[in-house]
Amino acid sequence: MKVAVIGGGIVGWTSARALRAAGHDVVLVDRAGAPAAGASGQNGAQLSYGFVAPLASAAIPAQIPKLLFSADSPFRMRPGLSLDTWRWCLQFLAACTHQQSERTTRALLALAHESHTHFTQWRNGLDAGVDIEHAQRGKLVLHRDQASLDAAGRQVALQAGVGPAQELVDAARCRALEPALTDGKPLVGGVWTPSEEVADCAKVCAALADELARDGRTEVRWSHQVAGWDTAGGQVRALLARHQGRLERIDADAFVIAAGAQTPTVTKGLGVHVPVQPLKGYSIDVPADAVRGMPQVSVTDTSVKTVFAPLGDGPARRLRVAGFAELVGNDLHIPPDRIARLLGTVEDVFGLRAQPKDVRPWAGLRPATPTGLPCIGRTRRHPNVYVNSGQGALGFTLAFGSAELLAAEVAGRPRALGREDGFRAGLAPLAGV
Ligand SMILES: Cc1cc2nc3c(=O)[nH]c(=O)nc-3n(C[C@H](O)[C@H](O)[C@H](O)COP(=O)(O)OP(=O)(O)OC[C@H]3O[C@@H](n4cnc5c(N)ncnc54)[C@H](O)[C@@H]3O)c2cc1C
């Protein structure tokens with residue numbers, strides 16, 4: 001069977017790989033000219049298999065005034081949002097319950113485990129010369145007030161025996177685990193997960209693209225923007241892509257839409273609603289020689305919702321810093337104050353030796369669902385159209401497992417995580433279409 005995969009981010013490339021492994025021919029279509037042009041480009045680099053609790057938690061409703069109106073909030077919402085975005089916000093609020101958040105956590109821990117297994121198998125088979133900047137550094141999540149640490153303790157207890165081993169640690173142990181932490185800000189403790197990993201997501205995408213290019217049965221159509229469909233007779237026969245001012249037709253037997261935050265735009269033409277909204281974030285790469293205390297482990301500071309990942313070696317050694325969550329539509333503009341604040345967190349948490357000249361400011365759109373559960377499966381309206389999207393803040397972590405679920409669905413096999421995993425819930429036909 002020939003399968004068209006729309007999207008050349010981490011979810012599209014891992015989907016293409018899993019489909020090739022199942023024996024299908026693949027044509028991958030992307031509007032950009034190279035892999036990882038979207039959210040997979042310069043994300044936080046965390047392979048965070050133990051920290052999958054969704055943004056929609058029971059604690060969020062009480063925090064809304066602070067999140068919306070505090071000057072130093074990592075969250076921002078643009079006034080004048082679309083009806084779809086408001087609908088998403090209501091669904092998000094409805095998901096802010098203990099019950100839903102626990103259900104999501106359990107489903108994502110299982111998916112993360114599956115992902116870890118398949119990522120490791122793939123990584124172990126990489127040619128010696130391929131560098132994806134992978135390291136198992138462990139992850140230390142810092143809590144700077146007691147209420148936050150208590151909530152983290154409850155989460156560790158909930159996940160005990162289900163996810164990777166985690167340890168609740170006091171401030172002294174945090175500093176022993178990561179001596180580079182400054183003592184400028186109060187610290188009450190943290191959660192230490194020694195098994196967590198980091199890698200450069202764009203390099204993983206490039207390695208997957210190279211691997212598939214070599215096998216000769218994956219065709220790639222760069223600079224092709226999907227703009228329509230041929231649905232003659234109720235069956236989807238082809239996608240229509242805009243390329244150099246012309247509309248080109250790409251025929252396939254099945255279609256997988258893995259277009260990240262743009263997934264709803266692509267599925268709309270098929271009358272399929274996918275509850276994904278772009279949740280904007282930013283990142284910078286700070287050269288290691290500009291950081292006073294370059295960390296050895298991956299660190300998250302929950303007080304500023306910022307992640308820090310040490311990446312690379314030699315002259316390429318750097319600290320990837322990522323944060324912010326903004327509901328502002330598809331706007332990829334990078335305001336200088338966001339970058340200054342990310343750099344400010346480096347100063348606060350590790351210290352800066354010098355103001356770095358170039359920190360490679362970057363913005364990306366997380367494909368976020370209200371519950372935090374991705375949408376993976378066959379659409380109800382079109383039996384040969386599938387979606388693999390909505391991995392939100394965890395797309396890099398969950399991609400390899402999501403691709404396995406997708407491939408099982410295309411093959412009509414029972415999915416490894418069972419039928420009750422909830423990942424299909426978002427694939428509804430558009431109301432009234
Ligand atoms: C600041 C930030 C930090 C993050 N940190 C982490 C992290 O540390 N760990 C983690 O696991 N995840 C992280 N994430 C989330 C992760 O980056 C995303 O979930 C993941 O990259 C989504 O991958 P994707 O392939 O679904 O989407 P994308 O990478 O956005 O790819 C979608 C592709 O579809 C293409 N496309 C869109 N529309 C069309 C069209 N009409 N026609 C053709 N092609 C189209 C785009 O060009 C793009 O290449 C972070 C995200 C952000 C923004």
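Everything here concerns the structure above.
Sequence order sets the numbering: in each chain, residues are counted from 1 along the sequence as written. Only residues with pLDDT of 70 or above have their local features reported here, since the model is predicted, and side-chain atom pairs are shown and tallied only from 80 upward, although totals for entire chains, interfaces and linings are computed over all residues. Remark: hydrogens and water are excluded; side-chain values derive from all non-hydrogen atoms of the structure.

K.L.:
Help me out: how do you make sense of the packing of aromatic side chains in this one?
P.N.:
Any pair of aromatic rings gets described here by the distance separating the centres and the angle formed by the planes. A pair of aromatic rings is counted whenever rings of Phe, Tyr or Trp (Trp by its six-membered ring) have centres within 6.5 Å, and the orientation is called stacked for planes under 30 degrees apart, edge-to-face for over 60 and tilted otherwise. Taken as a whole and assessed by the stated rule, the structure comprises eight aromatic pairs. Look at Phe119 and Trp122: their rings are 6.0 Å apart centre to centre, the planes differ by 40°, and that puts the pair in the tilted class. Of this pair, Phe119 and Trp122 both sit in helix H4 (residues 98–124), three residues apart, which is roughly one turn of that helix. You'll find Phe119 and Trp122 in the same group, each marked buried. The way it works is that DSSP assigns letters per residue, a run of H or I at least four long becomes a helix, a run of E at least two long becomes a strand, and they are numbered from the N terminus. Whether a residue is buried, partly exposed or exposed follows from its accessible area with a 1.4 Å probe, protein chains only, as a fraction of its type maximum: under 20%, in between, or over 50%, in that order.

K.L.:
Please clarify how the nonpolar core should be interpreted in this entry.
P.N.:
Across soluble globular proteins, nonpolar side chains have a tendency to be buried as a group. Ranked by internal contacts, the top residues of the largest apolar core, which has 43 residues, are Ile10, Leu19, Phe119, Trp122 and Val204. Elements with a contribution of two residues or more to this core: strand S1 (2–6), helix H1 (10–21), strand S2 (25–29), H4, helix H7 (201–215), strand S13 (254–257) and helix H10 (395–411). When near neighbours in sequence (up to four residues on either side) are disregarded, Phe119 contacts Leu47, Tyr49, Ile132, His134, Glu197, Val204 and Phe400. The next biggest cluster of nonpolar side chains, apart from the first, holds 32 residues, and it includes Ala180, Leu181, Val299 and Val349. The set of buried Ala, Val, Leu, Ile, Met, Phe, Trp, Tyr and Cys residues whose side-chain atoms join them within 4.5 Å is what this entry labels a nonpolar core. Contacts are assigned to residue pairs that have any heavy atoms within 4.5 Å of one another.

K.L.:
I keep staring at the pattern of salt bridges and nothing clicks. Help me out?
P.N.:
Any two side chains of opposite charge can pair, given that their charged atoms come close. The working definition used for a salt bridge is a side-chain nitrogen of Lys or Arg within 4 Å of a carboxyl oxygen of Asp or Glu. This model, assessed by the stated rule, comprises 23 salt bridges. One salt bridge connects Lys203 with Glu133, and the closest N-O pair in it is separated by 3.4 Å. Of this pair, Lys203 sits in helix H7 while Glu133 sits in the loop between H4 and strand S5 (139–143), and the two are 70 residues apart along the sequence. The class of Lys203 is partly exposed, set by a relative accessible area of 34%. Classification of Glu133 by relative accessible area gives buried; the value is 8%. Across the salt bridge formed by Asp285 and Arg320, the nearest N and O atoms sit 2.4 Å from each other. Here Asp285 is found in strand S15 (residues 277–287), whereas its partner Arg320 is found in strand S18 (residues 318–327), with 35 residues between them in sequence. The residues Asp285 and Arg320 share a single accessibility class, namely buried. It is possible to trace a salt-bridge network through shared partners that takes in Glu133, Asp200, Lys203, Asp285, Arg318, Arg320 and Arg360.

K.L.:
What am I meant to see in the site of the ligand here?
P.N.:
Lining the immediate surroundings of the ligand are 35 residues, of which Asp30, Ser40, Gly44, Gly392 and Thr397 lie closest. Here a polar contact means two N or O atoms within 3.5 Å. Within protein one must be a hydrogen donor candidate and the other an acceptor candidate, and residues neighboring in sequence count only if both atoms are side-chain atoms. In this structure, Phe396 approaches the ligand through a main-chain N or O atom, which is 3.1 Å from an oxygen atom. With the chains in place, 96% of the 1,000 Å² that the ligand exposes on its own is no longer accessible. Elements with a contribution of two residues or more to the shell around the ligand: H1, strand S10 (225–230), S15, strand S19 (362–368) and H10. Tallying contributions element by element places S19 first for the shell around the ligand, with four residues. Residues are grouped as follows: Ala, Val, Leu, Ile, Met, Phe, Trp, Tyr, Cys and Pro are nonpolar; Asp, Glu, Lys and Arg are charged; every other residue, Gly included, is polar. Its residues placed into classes, the shell around the ligand shows 14 nonpolar, 18 polar and three charged. Counting the residues that make up the shell around the ligand, at least three belong to each of domain 1 (2–41 + 203–273 + 371–429) and domain 2 (65–99 + 129–197 + 278–368). We call a residue near a molecule or strand whenever a single non-hydrogen atom of that residue lies within 4 Å of it. Shrake-Rupley sampling with a 1.4 Å probe provides the accessible areas, and residues are treated as covered by the protein chains on show and by no other component. Where a domain begins and ends is set by an automatic assignment or by a domain database.

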